[in-house]
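Take a look at the letters that make up each chain.
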Amino acid sequence: MHTRYADEMSDRPDGVPPAWQYPQPYGTFASQRTRQRTWILAAVCLVVAVAASGLYLLLHANFGPSTSMSTPRVEATATRLLDGRILIAGGSPSAIDENKAPDLESAELFDPTTDTFSPTGSMTIARHGHLATLLQDGRVLIEGGTDPVSAELYDPKTGTFSRTGSPQDDTSGTATLLQDGRVLFITSWGTAAELYDPKNGTFSPTGSVITFRSDYTATLLADGRVLIAGGSREDIH
């Protein structure tokens, strides 16, 4: 036996070799357990803190009163402009029978910074049940509704509406803003489709929908295509 090792063994009453003979790994088992418990406790505290903050927001978030529109409206459109204001356009003043009540050509703006409504220019045609699409340049395209083959543009810079090209068919089904800035319109029964080009203010026919349907959805996909889904065919004979 090595002389130094034998001497140190003889100096220890329990006969256990000295610690320098067996280098210890990083940390002992007890210290590793302590670190694990510390991390677990920190994670639990974080989860509790996030949950508590979410619960606080849920309990303290509520609806508050705001000013009222100048005119009651049914089947109007609400479009958020690039500056954050909301354009409320058209509609009918009565929900009992909006087909008999006179349509509205008036429009107003809601300012979320002041929670107030203010009048803006009127549409060129009174209408309800129409479509409103925010264009890439900030204007709003109003189409269809009471007059299904007419369209107009709202310019938030001037606060005025002006006529634009007219669709060839009743395209008051869906309106989808495409990636190139054009707007895809599909008829309410999905029988035809047209494209509106804001550069020249014209409508032009495009491919037909494969399946006729009503009350469907149209969603722009990330690759630029449009998904037409759902709807009903009960009234198609």
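Described in the following lines is the structure provided in the data block. Because the structure is predicted, anything quoted here is derived from the model rather than measured.

Calculation rules
- Residues numbered from 1 in each chain as written.
- Predicted model: local features only at pLDDT ≥ 70, side-chain atom pairs only at ≥ 80, totals over all residues.
- Heavy atoms only, no water.
- Salt bridge = Lys/Arg side-chain N within 4 Å of Asp/Glu carboxyl O.
- Pairing = 2+ DSSP bridges.
- Helix = DSSP H or I, 4+ residues; strand = E, 2+ residues; numbered from the N terminus.
- Axes fitted to C-alpha atoms, helices over the stretch in contact; angles between N-to-C directions.
- Phe/Tyr/Trp six-rings, centres within 6.5 Å; stacked < 30°, edge-to-face > 60°.
- Buried < 20%, exposed > 50% of the residue type's maximum accessible area, 1.4 Å probe, protein only.
- Core = buried A, V, L, I, M, F, W, Y, C linked by side-chain atoms within 4.5 Å.
- Contact = heavy atoms within 4.5 Å.

Topic: the pattern of salt bridges
Between side chains of opposite charge, a pair can form as their charged atoms come close.
Here comes step 1: For the coordinates displayed, the defined rule picks out six salt bridges.
Here comes step 2: Taking the shortest distance from any N to any O, the salt bridge between R139 and D137 comes out at 2.8 Å.

Topic: the sheet that holds strand β11 (residues 193-197)
Here comes step 1: Strand order in the open sheet formed by four strands is β9-β10-β11-β12, with antiparallel pairing between adjacent strands. The strands lining the two open edges of the sheet, one partner per strand, are β9 (174-177) and β12 (202-205). Sheet twist, expressed as the average angle between the axes of neighbouring strands with direction ignored, equals 25°.
Here comes step 2: Inspection of the sheet shows β11 paired to β12 by four bridges, in the antiparallel sense.

With respect to the packing of aromatic side chains
Here comes step 1: Inspection of the entire model under this criterion finds four aromatic pairs.
Here comes step 2: When the ring of Y154 is compared with that of F161, the centres are 4.7 Å apart and the planes differ by 45°; the resulting orientation is tilted.
Here comes step 3: With 5.5 Å between their ring centres and 50° between their planes, F185 and F203 make a pair best called tilted. Of this pair, F185 sits in strand β10 (residues 183-186) while F203 sits in strand β12; the two residues are 18 residues apart in sequence, bridging distant segments of the chain. Grouping residues by exposure puts F185 and F203 together as buried.
Here comes step 4: Ring pairs connect the aromatic residues F185, Y196 and F203, which therefore count as one cluster.

With respect to the sheet that holds strand β6 (residues 140-143)
Here comes step 1: The strand order β5-β6-β7-β8 describes an open sheet built from four strands, whose pairing is antiparallel. The two strands at the open ends of the sheet, each matched to only one other strand, are β5 (131-134) and β8 (160-163). The sheet shows a mean angle of 25° between the axes of neighbouring strands, direction not considered.
Here comes step 2: Bridge analysis of β6 against strand β7 (residues 151-155) gives four bridges, and the strand direction is antiparallel. Each residue of the ladder has a partner; that of I142, found in β7, is E152.

With respect to the nonpolar core
Here comes step 1: Core analysis: the biggest nonpolar cluster contains 10 residues, these being L81, L87, A89, A107, L109, M123, V140, I142, Y154 and F161.
Here comes step 2: Where this core is concerned, the elements lending two or more residues are β2 (86-89), β3 (107-111) and β6.
Here comes step 3: Once residues lying within four places of it in the same chain are set aside, the contact partners of I142 are T77, A89, M123, R127, H130, L131, A132, S150, A151, E152 and F161.
Here comes step 4: In this structure, L131, A151, L153 and Y196 belong to the second largest nonpolar core, which totals nine residues.

Comments concerning unusual backbone geometry
Here comes step 1: In this model, D115 sits at a positive phi of 55°, which is unusual for a non-glycine residue.
Here comes step 2: Within the element layout of this structure, D115 appears in the loop between β3 and β4 (116-120).
Here comes step 3: Exposure remark for D115: the relative accessible area of 39% places this residue in the partly exposed category.
Here comes step 4: Its identity is not glycine, yet D215 carries a phi of approximately 55°, on the positive side.
Here comes step 5: Here D215 is to be found in the loop between β12 and β13 (217-220).

Describing the environment of S92
Here comes step 1: Among the structural elements, S92 can be located in the loop between β2 and β3.
Here comes step 2: Between the C-alpha atom of S92 and that of P72, which follows or precedes it by 20 residues, the distance is 7.7 Å.

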